[in-house]
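Structural overview for review
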Amino acid sequence: MRKLLRWTLVGAIGLVALACIAVVVAIAALDMPKVKAELAQRLSHAVDGVVAWETLDLKLFPAPHGAVGKLQVEIPGRFELRADRLEASLNLMPLLHGQVQVASFAALKPQILVEIPSSGPASQKPATALDPVAAYRSAAGDAIRILRKYVPDTVLEVRDAQVEIRSASTTLHRLRDLSRRAQTRGKDMEAKLETAGEHWTRLRAAARIEYADLSGSAELELEGLKPQAWIEPALTKAPLHIRVPATGLRVQLRTDGKTSFEGDFESSTPLIELAQAERKLELPDVMLKGTARIGPRDASVAVAELRMGRDKLAEGKLDYAYASGAANAEVDLDLDLPRTLALVRQIVPAADLAMIESASGRLRAQLKGEWASQERWAGSLQVRHSDAAVHIRHLPWPVGLQGGHAAVSPGAVRISGLRGTVGDSSFSDLGAHLALGKEVRIASASGKAVLALDQLYPWVKQQEKLASGLKQIPAISGKIEANLVQASGRLASPDYELRLEPRQLKVQAEFLPGPLGANGGAVRVTPSALKVDGLAVSLLDARTTIAGTVSDFTAERLRAEIALSDGTAGAQILHWGMQLAATPPKLELRSPLSFAAKRLAWGPGKALQLDAALRFGTGVGVNADLSWTPELLDLRRLEVDDPRGKGTLALRLKGRALQGRFTGSAQGGVLDAILKEPPRMTGTLRGDMQFELDLDQPKQWVAEGRLEAQSVDLAWLIGRPLVVE
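A quick note: this is a predicted structure, and the numbers were derived from the prediction, not measured. (Residues numbered from 1 in each chain as written. Predicted model: local features only at pLDDT ≥ 70, side-chain atom pairs only at ≥ 80, totals over all residues. Heavy atoms only, no water.)

What follows concerns the overall build of the protein. When helices and strands are tallied, the protein shows eleven helices and 43 strands. Counting only residues that meet the buried cut, the protein has 31% of its 725 residues in that class. When the accessible area of the protein is evaluated, it comes to approximately 42,900 Å², of which 58% is carbon and sulfur surface. (Helix = DSSP H or I, 4+ residues; strand = E, 2+ residues; numbered from the N terminus. Buried < 20%, exposed > 50% of the residue type's maximum accessible area, 1.4 Å probe, protein only. Areas by Shrake-Rupley, 256 points an atom, 1.4 Å probe, with all protein chains shown as cover.)

Laid out in structure tokens, this is it:
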């Protein structure tokens, strides 16, 4: 048994020795010039350009490898590489058959120049926009074919490279200490990269690509990113300057190799500084996080959150179409208004914000923007679920904004659904369409408001320009519901229709005996007229409902056409009226009474028209139809409707000439039903008589007709005993 083991061991050792001898003999028999030529050919094919070197060595021990010294690679107008040394490790078994199969490449301290072709004149640009997915598939597909053909299962390394990226002889960027390692395999490739640069401290990246469908993923991390080099050129002519000292960026990318690239990104910076003139605004601890998608025809970015410290400021998205250049953006804002105002004050001149004293609450809004061209763009702001409020100088209450929508486009500004509060007052559904041109015009406008006069009027009364005019009106209380039905025309002098509805309105005035109340109904106001419909008013113990129109508001052309209905008057208002008119006490009317006026009109030339009726509780009614001007009083009809008879008096007074006519009958006792303190007047007067009288010569009068009097006592009227039998 021992002999068998001994001979077996000797045989194995012999086989190994024979194999070693065979390898040495095979290597010695290699055609070295052929191997070197094939290596040079593979290098030229790999870079698709002109390759030159000073030395090219192929060594077999301790492992087969090739080395190129002082390598120069040039692809005119695209790429240049100079390396002190390029090493290539070779696989042993193919080498035994006279074939070169590279196991790894390593470029040591290369100097690399990448030239990006300029776009050239606009006429030379392609008619269609670049498809990033197709470009990726084309470039990656070509690269993978080369890698699979020439360097399959190979490690590719670049160590301590210096890279310059240029376009049109202008240096765009320099990379320092770039190290890259890529591993090609039968089905995929993995690569890692690390470098320093002018605009960042350190960049690290890792990627993987599947050969079969070109799907892949990548991770990128930037430390100390310095975006100032890109920010400053973009804001050269802007009044606002932005400085971002340093930031970090992390990106994760994915692609299916067919339809799109997708990725997540996160960036943060300890400080963003905004400057305008000598003013600066510092935004500390800003963080941006979101996702991105790049497709064949468009790209989109979705910002999941934009934070400053612990406060989330915004989120949103941006869509961009390559071919048309069209872009759409949405940003959702959630701003702490006091903090936002404090930040804005740091950069906006104090005079521009002098009217705003303080702010409170949060402003929640959505910004939208659309861009197609300089002639086709739009922007909008939608405020929703907001409790934001600002305190404005000289206004004792906060102005709150609860919601609304504003949109701007070339030649137009639109506002809709604006709602909020001013102290205890409120506004809602405010909207306007402004046409922008050489002159701003209102295309349309509407809105509603509820005015709390208990709070508003004391402040209005304190205004210097209004104080003297409102001196005799110490207080107004209640509410007015205002409805701007429509407005249009020039901004300085628009055409409009405003509807006002008083609610428990009370006006206290020094010239009134008590509060003047108004409730219900509506007042319609336009630039040329005021129309009242169903307005219920009250004063002391008087009530009535007013309807009518007031127009031509100038003093010379003022017109009024009013009707009174459902009127009632008590002793208080009748007594005040008698005192105001300085009427003798014996003519004070009996209360209560009801009244109505079919027509109460006032026109140019101080012309008054009245068609009114009184009805007393005793059943007696008095109807009057008259007109008056400073030159003429025309009492067309003064009718006393008494169950015991009806009498009508007509008078016409022009200058000092009086004409009149009495028809019908009148009982002396009718005064008992009309006057508060009726006289002891009896008798009956009936007939039809016309008369004329010159008031300057009362003794010269003319009467014509028939008038019968029976036991008429006129002592109460003329102040001395007189009885007409």
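Before going further, it helps to spend a moment on the pairing of strand E35 (residues 607–616). Examined bridge by bridge, strand E34 (residues 593–603) and E35 share ten bridges and lie antiparallel to one another. Residue pairing for E35: Ala-597 is matched across the bridge by Ala-612. Hairpin connection of E34 to E35: three residues between the antiparallel strands, including Gly-605 at a positive phi of 75°. Sheet analysis places E35 next to strand E36 (residues 621–628), joined by eight bridges and oriented antiparallel. Following the sheet pairing, Ala-613 is matched in E36 by Asn-623. Remark: four residues form the turn of the hairpin made by E35 and E36, two consecutive strands paired antiparallel; Gly-619 in that turn has positive phi of roughly 95°. (Pairing = 2+ DSSP bridges.)

Quick look at the packing of aromatic side chains now. If you walk through the whole model with that rule in mind, you get three aromatic pairs. Here Tyr-136 and Phe-261 contribute two aromatic rings whose centre-to-centre distance is 5.0 Å and whose plane-to-plane angle is 80°, an arrangement assigned as edge-to-face. With Tyr-136 in helix H4 (residues 132–150) and Phe-261 in strand E14 (residues 261–276), this residue pair connects regions lying 125 residues apart in the sequence. For the pair shown, Tyr-136 and Phe-261 are each scored as buried. (Phe/Tyr/Trp six-rings, centres within 6.5 Å; stacked < 30°, edge-to-face > 60°.)

Put simply, Ser-591 and Pro-592 share a cis peptide bond, and its omega is -5°. Locating Pro-592 in the fold gives a position in the loop between helix H9 (571–580) and E34. A positive phi angle is found at Asp-285, which is not glycine, with a value near 50°. Position of Asp-285 relative to the elements: it lies in strand E15 (residues 279–294). Here Gln-504, not a glycine, exhibits a phi torsion of approximately 50°, which is positive.

What follows concerns helix H7 (residues 453–462). Within the span of H7, buried status applies to Leu-453, Leu-456 and Tyr-457. In an axial view of H7, the angular spread of the buried residues amounts to 95°, which keeps them on one side of the axis. In this structure, the buried residues of H7 make contact with strand E25 (425–435), strand E26 (441–452), strand E27 (475–490) and strand E28 (494–508). (Arc of directions from axis to C-beta. Contact = heavy atoms within 4.5 Å.)

Moving on, we get to the nonpolar core. One finds Leu-71 and Phe-105 to be the most contacted residues of the largest nonpolar core, which totals 38 residues. Residues Leu-470, Ile-476, Ala-509 and Ala-612 belong to the second largest nonpolar core, which totals 19 residues. (Core = buried A, V, L, I, M, F, W, Y, C linked by side-chain atoms within 4.5 Å.)

Any region with low pLDDT has predicted coordinates that should not be read closely. When pLDDT is averaged along the protein, the result is 82; 86% of the residues meet or exceed 70. Across residues 1–31 the pLDDT falls below 50, and counting only partners more than four positions away or on other chains, this stretch makes six contacts in the model. Note that pLDDT drops below 50 for residues 120–127; the model gives that stretch two contacts with residues more than four away or on any other chain. (pLDDT = per-residue confidence, 0-100.)

Here the focus is the side chain of Ser-551. By the secondary structure assignment, Ser-551 is in strand E32 (residues 542–551). For Ser-551, a relative accessible area of 18% translates into the label buried. With near-sequence residues (within four places) excluded, Ser-551 lies in contact with Ser-528, Ala-529, Arg-557, Leu-558 and Arg-559.

Turning our eyes to something else, we now look at the side chain of Glu-497. Considering the arrangement of structural elements, one finds Glu-497 in strand E28. Side-chain polar atoms of Glu-497 contact the side chain of Arg-524, separated by 2.8 Å. (Polar contact = N/O pair within 3.5 Å; in protein donor to acceptor, adjacent residues only side chain to side chain.)

Right, let's get into the pattern of salt bridges. As enumerated under the stated definition, the model contains 40 salt bridges in all. Where Glu-87 meets Arg-85, a salt bridge forms, and the shortest distance between an N and an O atom there is 2.7 Å. For Glu-87, a relative accessible area of 28% corresponds to the partly exposed category. Across the pair Arg-490 and Glu-439 runs a salt bridge, and its minimum N-O distance is 2.8 Å. Placement of the pair is Arg-490 in strand E27 and Glu-439 in the loop between E25 and E26, with a sequence separation of 51 residues. Taking the relative accessible area as the measure of exposure, Arg-490 reaches 40% and is therefore partly exposed. (Salt bridge = Lys/Arg side-chain N within 4 Å of Asp/Glu carboxyl O.)

All right, on to a nonpolar patch on the surface then. On the surface, Val-331, Leu-367 and Leu-381 cluster together into a nonpolar patch covering about 190 Å² of accessible area. Mapped onto the elements of the fold, Leu-381 is located in strand E21 (residues 377–383). Classification of Leu-381 as partly exposed rests on a relative accessible area of 31%. (Patch = residues over 30% accessible without salt bridge, like charges linked within 9 Å, V, L, I, M, F, W, Y side chains within 5 Å.)

This part is about the pairing of E15. Bridge count for E14 against E15 is 15 bridges, and the pairing is antiparallel. Residue pairing across strands places Ser-267 opposite Leu-288, the latter belonging to E15. The hairpin turn running from E14 into E15, its antiparallel successor, is two residues long, and Ala-277 in that turn takes a positive phi close to 55°. Summarising the sheet, E15 and strand E16 (residues 298–308) pair through nine bridges and their orientation is antiparallel. In the strand pairing of E16, Lys-289 is matched with Glu-305. In this antiparallel pair of consecutive strands, E15 and E16, the connection spans three residues.

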